[in-house]
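Structural description and commentary
Now for the letters of each chain:
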Amino acid sequence: MAGAEGDKPVNYLIGIDLGTSGTKTVLFDQNGAAIASATVEYPLYQPKNGWAEQEPSDWWQAAAATVRRVIDESGVAPEAIKGVGLSGQMHGLVMLDEAGEPLRRSIIWCDGRTSRECAEITALVGRQRLIEITANPALTGFTAGKILWVRRHEPKLYAKCRRILLPKDYIRYQLTGEFATEVSDASGMNLLDVPNRCWSGEILEKLEIDGALLAKMYESCEVTGQITPRAAALTGLAAGTPVVGGAGDNAAAAVGTGVVERGRAFTTIGTSGVVFAHSDRVTIDPQGRVHTFCSAVPGAWTVMSCTLAAGLSLKWLRDQFFTEEMKTAEGMGVDPYFLMDQQAGRVPIGANRLIFLPYLMGERSPLLDENSRGVFFGLSAIHTKYDLLRAVMEGVTYSQRQCLDVLRGMGVVSTEMLACGGGGSSPLWRQMLADVYGCPVKTVVSKEGPALGAAILAGVGAGLYPNVQEACRGMIQTNPAQQPDAQASEQYERFYQVYQSLYPALRESFQRLSKL
C-alpha cells in the first residue's frame with residue numbers, strides 16, 4: 001500500500017490488544033480506518049480447579065508475529081508508522097528476575113486462588129481505607145493478592161523477583177527495554193492510589209511489598225519508550241518508533257468508542273455485562289459495588305460495573321431451549337441469535353408478566369452476592385420458550401439499569417450510551433437499553449474497540465493529535481442513535497420496579513439454598 005494520499009503523506013498507527021484467548025494487532029491510518037489485522041492465539045493453563053495461568057513468552061511471540069504480519073500484508077513502510085499503543089487483559093502478575101526473564105507463568109485475571117490473601121489485605125489495610133485509597137475492595141482477580149500468594153507459597157522464587165509487571169507491560173518491556181506501566185491498568189492492582197494516580201506508599205508498607213519492584217508510572221498517552229533495534233528486527237517496526245502507555249482493555253475500549261468526555265458511557269453485553277462511564281472527578285462507591293479506575297484520559301477517571309451473566313444468560317437459554325433454531329440458522333448461514341431476536345421481538349414488553357433475574361453465576365455488580373442464583377418469576381402455563389427468551393433479554397437489561405442507577409447515584413451521569421459486545425449488535429437489545437435507560441443508544445462503526453483505543457493513544461503520544469478527545473473526534477465514526485420510546489419506557493419502568501424488589505425478598509432464601 002502506498003504511504004501517501006495524493007501528495008499528502010499518510011501516517012499510520014498500530015494498536016496491540018493482548019487478550020486472554022489471543023493477541024490481536026491492527027494497523028490503522030491516522031483517520032481510524034483499519035488497514036490490516038492479525039490475531040495469534042495461545043493456551044490457557046489451569047493446573048488446579050479455579051487457577052488460570054499463561055506464558056508471557058506466548059504473549060510476546062504473538063505480539064511480534066502479528067505486528068510483522070500487518071506490516072507485511074499492508075505494504076506500509078515501517079517509517080510511516082508513527083506510534084504503537086498497547087491494550088491488554090488486566091490484573092495479571094508477571095514476575096521477572098535480575099536478567100528480565102519471567103520467573104513463572106503469569107497468574108491472570110480470572111484466577112481465583114487468592115481468597116486467603118484478599119482477607120489478609122483487608123485485615124492489614126482495613127476495608128474502608130483500602131477503598132478510599134484504591135477505590136476498590138480486595139478482589140481475588142486483582143494483582144496484590146497474587147503477589148502475596150507467590151510470597152507465601154513460592155518464597156524462593158519470590159526472593160529472586162526484581163520486577164513486577166502487568167501483561168501488556170511485559171510486551172512493552174520486550175519492545176522497548178523499559179519497565180513502565182500506566183494509570184488505567186495499574187488501577188486494577190489494589191496497589192495504586194487511584195485519586196492521586198501514583199503507587200500507594202501506605203499500602204506497600206502495610207503489605208511489605210518493595211516499591212522498587214513496581215514499574216515507573218505514566219499517563220496512557222505518554223511516550224514510555226522507543227522500539228529497540230532487537231524488537232525492530234523481530235517485528236518489522238522501525239527502531240525508534242515511540243510506544244505509549246496504552247491502557248487496560250476496558251479503558252482502551254472506552255477510548256475506542258469515544259467515551260472520553262463527561263456524559264459519555266458504554267454498555268457491553270458480552271459473556272458478562274459492563275456499564276463503563278467517564279468522569280472528570282474521582283467518584284468512589286463506598287460499598288464497593290462498582291469499580292473506579294483512572295481513565296486513559298489524563299486527569300480523568302472511569303467508573304464501571306460488572307454483572308457476571310449477561311450474554312451468558314442468553315447463551316444458556318439458547319443451548320437449552322433453542323437447538324432447533326440453531327440448526328435452522330446453520331442451514332441458512334446466519335447467526336442463531338438473529339433468529340432469536342426476531343422471535344423475541346414478537347413478544348410484548350414484560351414477556352407476558354414474566355421476569356428473569358440473571359444471577360446464573362452469582363452476582364458482582366451491584367449486589368456483591370456469590371450465593372444469588374437465576375430466577376424466572378411469574379412463570380405460568382401460558383408462557384412459551386419465546387416468553388422466556390424475551391424475559392432473559394429484559395432481565396439482563398434491568399441488571400444493567402441497576403448498575404447505571406448506582407453510577408447515577410454517584411453523580412456519574414450519561415446522556416448518551418454506546419452499545420458494544422454481542423448484545424450491542426442486536427437492534428432489539430439496543431432499543432431495550434434506550435427505553436430502559438431513557439437515553440439514546442448508538443454503536444461505533446469500527447469493531448476494533450481496544451486496539452483502536454490503543455492506536456488513538458499512540459496518535460496522541462506521537463503528536464498527530466493534541467489530546468485524546470481530539471484524537472477520538474478524528475478517528476471514530478458512529479452510527480445513528482436509537483432514541484428511547486417514551487411509551488415503551490413507561491411500560492418497562494413498571495416491570496423494572498418489580499424486578500428491583502425481587503432480590504431483597506429472596507436474599508435470605510439464596511443464603512439458605514447455598515447451605516443445603
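This structure is a prediction, so every number in the text was calculated from the model and none was measured.

Cut-offs applied
- Residues numbered from 1 in each chain as written.
- Predicted model: local features only at pLDDT ≥ 70, side-chain atom pairs only at ≥ 80, totals over all residues.
- Heavy atoms only, no water.
- Helix = DSSP H or I, 4+ residues; strand = E, 2+ residues; numbered from the N terminus.
- Contact = heavy atoms within 4.5 Å.
- Phe/Tyr/Trp six-rings, centres within 6.5 Å; stacked < 30°, edge-to-face > 60°.
- Buried < 20%, exposed > 50% of the residue type's maximum accessible area, 1.4 Å probe, protein only.
- Lys NZ or Arg CZ within 6 Å of the ring centre and 35° of its normal.
- Domains from an automatic or database assignment.
- Salt bridge = Lys/Arg side-chain N within 4 Å of Asp/Glu carboxyl O.
- Core = buried A, V, L, I, M, F, W, Y, C linked by side-chain atoms within 4.5 Å.
- Pairing = 2+ DSSP bridges.
- Axes fitted to C-alpha atoms, helices over the stretch in contact; angles between N-to-C directions.
- pLDDT = per-residue confidence, 0-100.
- UniProt positions renumbered as here; feature names shortened; annotations may be inferred.
- Parallel < 35°, antiparallel > 145°, perpendicular 65-115°, else oblique.
- Left-handed = near helix turned anticlockwise from the far one by under 90°.
- Nonpolar A, V, L, I, M, F, W, Y, C, P; charged D, E, K, R; others polar.
- Expected span 1.5 Å × (residues − 1).

With that out of the way, let us pick up the environment of C198. Among the structural elements, C198 can be located in strand β13 (residues 198–199). Expressed as a C-alpha distance, the spacing of C198 and A186, which sit twelve residues apart in the sequence, is 9.0 Å. Not counting chain neighbours up to four residues away, the residues in contact with C198 comprise L192 and D193.

This part is about the packing of aromatic side chains. To describe a pair of aromatic rings, you give the distance between the ring centres and the angle between the ring planes. Taken as a whole, this structure holds 13 aromatic pairs when the rule is applied. When the centroid spacing of 4.6 Å and the interplanar angle of 15 degrees are considered together, the rings of Y173 and F179 count as stacked. Consider the rings of Y398 and Y499, whose centres lie 5.4 Å apart with planes at 50 degrees: the pair is tilted. Residue Y398 is found in helix α14 (residues 385–409), and its partner Y499 is found in helix α19 (residues 486–514); the two are separated by 101 residues along the sequence. Note on accessibility: Y398 and Y499 belong to one class, buried. Put simply, the rings of Y170, Y173 and F179 pair up and form one aromatic cluster. For R197, the ring lying beneath its charged end belongs to W301, and the centroid distance is 4.9 Å. Looking at K385, its charged tip hangs above the ring of F322, at a distance of 4.6 Å from the centre.

On domain assignment, one finds that the protein chain holds domain 1 (91–165 + 180–214) and domain 2 (310–414 + 485–514). On a C-alpha basis, the centres of domain 1 and domain 2 stand 36 Å from each other.

Right, let's get into the pattern of salt bridges. Enumeration over the complete set of coordinates arrives at 31 salt bridges. A salt bridge links K168 to D169, with the shortest nitrogen-to-oxygen separation between them at 2.9 Å. In this structure D169 comes out as buried when scored by relative accessible area, which is 1%. The salt bridge partner of D319 is R318, with a shortest N-O separation of 2.9 Å.

The next thing to look at is the nonpolar core. Residues L389 and M393 are the most contacted members of the largest nonpolar core, which totals 52 residues. If sequence neighbours within four positions are ignored, L389 has contacts with L314, L317, F322, M340, Q343 and A344. By size, the runner-up hydrophobic cluster in this structure holds 40 residues, among which are F28, F142, V297 and I476.

Read across the open sheet, the six strands follow the order β20-β21-β19-β18-β24-β25; overall the sheet is mixed. Both outer strands of the open sheet, β20 (291–294) and β25 (441–442), are each paired with one neighbouring strand and no more. Bridge analysis of strand β19 (residues 273–279) against strand β21 (residues 301–304) gives four bridges, and the strand direction is antiparallel. When the sheet's bridge partners are listed, F276 is paired in β21 with M304. Against the sheet, helix α16 (residues 427–437) makes contact with β18 (264–269), β19, β24 (416–420) and β25, and its axis sits at roughly 135 degrees relative to β18, the strand it touches most.

In low-pLDDT segments, the atomic positions of the prediction should not be examined closely. Overall, the predicted model of the protein chain reaches an average pLDDT of 95, with 99% of residues at or above 70. Per-residue pLDDT stays below 50 along residues 1–5; that stretch engages in twelve contacts with residues further than four places along the chain or on separate chains.

Next up on the list: the environment of R281. Secondary-structure assignment places R281 in the loop between β19 and β20. Taking the relative accessible area as the measure of exposure, R281 reaches 46% and is therefore partly exposed. Measuring from C-alpha to C-alpha, the distance between R281 and F356 comes to 35 Å, with 75 residues separating the pair along the chain. Look past the residues within four positions of R281 in its chain and what remains in contact with it is W301, M410 and G411.

So, on to the UniProt feature "site: Important for activity" (unreviewed entry) in the protein chain. Residues given the UniProt feature "site: Important for activity" (unreviewed entry) here are D17. Tracing the backbone through its elements, the reader meets D17 in strand β3 (residues 12–18). When residues no more than four places from it in sequence are discounted, the contact partners of D17 are G22, T23, K24, S87, G88, P450 and A451.

What follows covers the UniProt feature "binding site: substrate" (unreviewed entry) in the protein chain. Sequence positions flagged by UniProt for "binding site: substrate" (unreviewed entry) are, in local numbering, M90 and H91. As for its placement among the helices and strands, M90 is situated in the loop between β7 (81–88) and β8 (94–96). Counting through the fold element by element, H91 comes out in the loop between β7 and β8. In this structure, H91 is in contact with I107, W109, G141, F142, T143, K146, L166, D185, G188 and F293, ignoring residues within four places of it in sequence.

What follows covers the packing of helix α12 (residues 323–332) against helix α13 (residues 336–344). The relative placement of two packed helices is expressed as an angle between their axes plus a distance between the axes. The N-to-C vectors of α12 and α13 enclose an angle of 120 degrees; their axes lie 8 Å apart at closest approach. The angle between α12 and α13 falls in the class oblique. Judged by the twist between their axes, the crossing of α12 over α13 is right-handed. Residues E325, M326, T328, A329 and M332 of α12 pack against P336, L339 and Q343 of α13. Among the residues making up the contact of α12 with α13, the classes are represented as five nonpolar, two polar and one charged.

This brings us to α14. Over its 25 residues, α14 runs 36 Å from end to end, which matches the ideal 36 Å to within 8%, given 1.5 Å per residue. For α14, the buried fraction is high: 20 of the 25 residues fall into the buried class. Looking one or two places after α14, you find G411, whose phi comes out positive at around 85 degrees.

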